[in-house]
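# A structural walkthrough
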Amino acid sequence: MILPALVFLAVMTQAPFVVTLWYSFRQWVITDPTIPHKWVGFENFRYELTEDPIFRTAILNTVEFTAAIVGGSLVLGLAFALLLNRSFPLRGVARSLMIAPFFVMPTVNAVVQKNLFLNPIFGLSNWVWTSLGFHRVDWLATHPKLSIIEMAVWQWAPFMMLILLAGLQGISDEVREAARIDGAGPVTEFRRITLPLLGPYIQLAILLGMIYILQLFAEIFVATQGGPGTETTTLPYYIYQTIAQANDVGSSSAEGVLAIVFSAIIATLLLRLLTRTFRSGLTA
Amino acid sequence: MSAVGLGTNRPGLGARLRLGALGLNLLTYALAFLIFFPILWTVVTGFKTEADAAATPPVFLFHATLANFRAVFSSDYASYFDNSLIIAGGSTLLALLLGLPAAYALAFRPSKHTPKILSWVLSTKMLPAVGALIPLIVIYKREGLYDTRLGMILLYAAFNLPLVIWMMRSFFADLPREILEAATVDGAGFVRIMTRIVIPLSAPGLAATALLSVIFSWNEFLLAVNLTAVNAPTLPVFISGFTTSEGLFWAKLSAASTMAVAPVILAGWLAQRSLVRGLTFGAVK
């Protein structure tokens, strides 16, 4: 009964990775017949790792984006979760409104923010900004990284919030009660009780967030096309450019293999965490 | 800083605590509104005329019009919408068809290989899709799957299968074992047990799993933009090309966005209770 699922998975998701590896050792530009299609060993990898300046920029940008977006969403998500983890009227409504951004199609997010909000002349952001007395700013042109980070954090903070809120609800009232009777103030309670007990959830949120945010693509495709220059070119976007615009199968495959290696390191850590919780269960 | 013990009953402390709580409540409401505002603004802009939509300072009171929605639906938007509907629905059905028996076996007949299988299944979800993209483009073009709904259904089913297996295994594991054992003793076969007992008992979980799978397929962009052209492109592809092809038509853009996003937000709200379990592959219940 398991076999059909496993075979299907292997064919659709694993076989392409093997083929990517195979292509990565070949010289092959689809649209240019003058370049011979042949085996070149590690040449593509050597080029990507030692010569290609954009590849290095793309790696650095990807690391920067992932750190900023995961970090930003985690801090905001934790704040939202703490606010929601109290009983107050309309709590369900507030929660529903706050998770909504996570469901928004990433291309819609990028198109709407790029136009309705960040447009330098008609955008709402600049209307608020200039009303506050500041000078008009062309956000996507002068702060492209910040704009992309803002778009992604808006989507991913709710994701972090959901996981951390589940964690907060797992902390029993007795533990908090005991801490309060011992004279712990809200700050001490947060540092000594909440944060340590939330540890595994924070770990889970960070790792899952990294897996997804490393693949950030739609926002960049729509809002900046990797620019200005290569300012917002991430690894997935650069691979897309190498295959879809330069038609270079060999180089793009080598980039793909390297992207897989980076993700695999994070995935291994995450899998270890998940299999551990698979045995014990995070919440009682 | 001296800690104020609970025993010291200073006058006004209770009142101050209540005031603090009220402040936090107001802060939460303000934040919730602020976070939801971009969605609200998009929906509202969809009902404006183009002139009102691009007006600055922004127009808050206006005559609502349905013209944008009509215009969008009489354009080729409808065919993208159909593609999205068929591909998201088809891939979810296929993922359930393959994933439910697997989840059943993993939950009720665990062997010493079960953790390994589960871990492998999940690992397929974690590698970046962009790493599989190049051969997919080459192979799909060669095999005639490029730019077909079937091709996208197969891919999205594969990408959602780990979610189905992990989530449903975790829901199945919550079912009372005695009922299943009793049914097996009564001589019921797999299909009977599945359709009469397991699926009805885990219906809410199944619904949430299906909704999440639909949401992921509906929103997916990287594969859609690279593997489709004219026959099978989905809504995210339509939206991504909107500004370049249509210029500064914000009201129509907003109407198109609203219709692309609203079904998913509603589905997400419906699946809310099992959302965390789905997003963490059953690790958090």
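Secondary structure summary: chain B contains 14 helices and zero strands in total. Along the chain direction, N to C, the helices and strands of chain B fall in the order α-α-α-α-α-α-α-α-α-α-α-α-α-α. The C-alpha radius of gyration computed for chain B amounts to 25 Å, which surpasses the reference 19 Å derived for 285 residues by more than 25%, pointing to a less compact arrangement than a globule. Expressed as lengths along the three principal axes of its C-alpha atoms, the size of chain B is roughly 75 × 70 × 35 Å. Across the 285 residues in chain B, those meeting the buried criterion constitute 47%. Considering only residue pairs separated by 6 or more positions, chain B has 81% of its internal contacts joining residues 24 or more positions apart.

Moving on, we get to the packing of helix H8 (residues 144–170) of chain A against helix H10 (residues 186–213) of chain A. All names here are of chain A. As a packed pair, H8 and H10 sit with axes 9 Å apart at the nearest point and diverge in direction by 150°. Judged on the interaxial angle alone, H10 and H8 are roughly antiparallel. By crossing handedness, the relation of H8 to H10 is classed as right-handed. Mapping the contact onto sequence places Ala152, Trp156, Phe159, Met160, Ile163, Leu164, Ala166, Gly167 and Leu168 in H8 and Leu198, Tyr201, Leu204, Ala205, Gly209 and Ile213 in H10. Residue composition of the contact of H8 with H10, by class: 13 nonpolar, two polar and no charged.

Moving on, we get to the interface of chain B and chain A. Chain B puts 82 residues into the contact, and the matching count from chain A is 80 residues. The biggest single contributor to the side of chain B that touches chain A is helix H1 (residues 13–46) of chain B, with 14 residues. Residue composition of the side of chain B that touches chain A, grouped by class: 63 nonpolar, 18 polar and one charged.

This part covers the environment of Ala81(A). As for its placement among the helices and strands, Ala81(A) is situated in helix H3 (residues 53–84). For Ala81(A) and Met98(A), which are 17 residues apart along the polypeptide, the C-alpha to C-alpha distance reads 10.0 Å.

All names here are of chain A. With an omega of -5°, the peptide bond between Gly227 and Pro228 qualifies as cis. Mapped onto the elements of the fold, Pro228 is located in the loop between helix H11 (218–223) and helix H12 (235–245). Backbone geometry places Leu90, a non-glycine residue, at a positive phi of 65°. The backbone phi angle of Asn247 is positive, close to 55°, even though this residue is not glycine. Given 14 C-beta atoms within a 10 Å radius, Asn247 is considered partly exposed.

Note: interface size is frequently given as the accessible area lost on complex formation between the parts. All names here are of chain B. Parsing chain B into structural domains produces domain 1 (18–68) and domain 2 (76–279). Each side of the interface is counted separately: domain 1 has ten residues, and domain 2 has nine residues. Sorting the residues of the side of domain 1 that touches domain 2 by element identifies H1 and helix H2 (50–53) as the ones contributing at least two each. Broken down by element, the side of domain 1 that touches domain 2 gets its largest block of residues, four residues, from H1. Class assignment of the residues belonging to the side of domain 1 that touches domain 2 gives a composition of three nonpolar, five polar and two charged.

Okay, H12(A) next. Residue and element names in this part refer to chain A. Most of H12 is tucked away: eight of the eleven residues are buried. Taken together, the buried positions of H12 are Leu235, Pro236, Tyr237, Tyr238, Ile239, Tyr240, Thr242 and Ile243. At the C-terminal side of H12, Asn247 shows a positive phi close to 55°.

Right, let's talk about the nonpolar core for a bit. Counting residues in hydrophobic clusters, the biggest one holds 165 residues, and the most contacted among them are Leu162(A), Ile163(A), Leu164(A), Ala103(B) and Ile165(B). Looking at which element gives the most residues to this core, the answer is helix H7 (residues 149–173) of chain B, with 16 residues. No fewer than three residues from each of domain 1 (18–68) and domain 2 (76–279) of chain B sit in this core. Setting aside chain neighbours within four positions, we find Ala103(B) in contact with Val164(B), Ile165(B), Met168(B), Arg169(B) and Phe172(B).

This brings us to the environment of Val237(B). Residue and element names in this part refer to chain B. Note on placement: Val237 falls in helix H12 (residues 235–246). Taking the C-beta count within 10 Å as the criterion, Val237 has 20 such neighbours and is therefore assigned buried. Sequence spacing of Val237 and Asn226 is eleven residues, and the spatial spacing of their C-alpha atoms is 9.5 Å.

Rules behind the numbers
- Residues numbered from 1 in each chain as written.
- Chains lettered and ligands numbered in written order.
- Predicted model: local features only at pLDDT ≥ 70, side-chain atom pairs only at ≥ 80, totals over all residues.
- Helix = DSSP H or I, 4+ residues; strand = E, 2+ residues; numbered from the N terminus.
- Rg over C-alpha atoms; globule rule 2.2 N^0.38 Å.
- Buried ≥ 20, exposed ≤ 12 C-beta atoms within 10 Å, placed from the backbone.
- Contact = placed C-beta atoms within 7 Å.
- Axes fitted to C-alpha atoms, helices over the stretch in contact; angles between N-to-C directions.
- Parallel < 35°, antiparallel > 145°, perpendicular 65-115°, else oblique.
- Left-handed = near helix turned anticlockwise from the far one by under 90°.
- Nonpolar A, V, L, I, M, F, W, Y, C, P; charged D, E, K, R; others polar.
- Domains from an automatic or database assignment.
- Core = buried A, V, L, I, M, F, W, Y, C linked by C-beta atoms within 7 Å.

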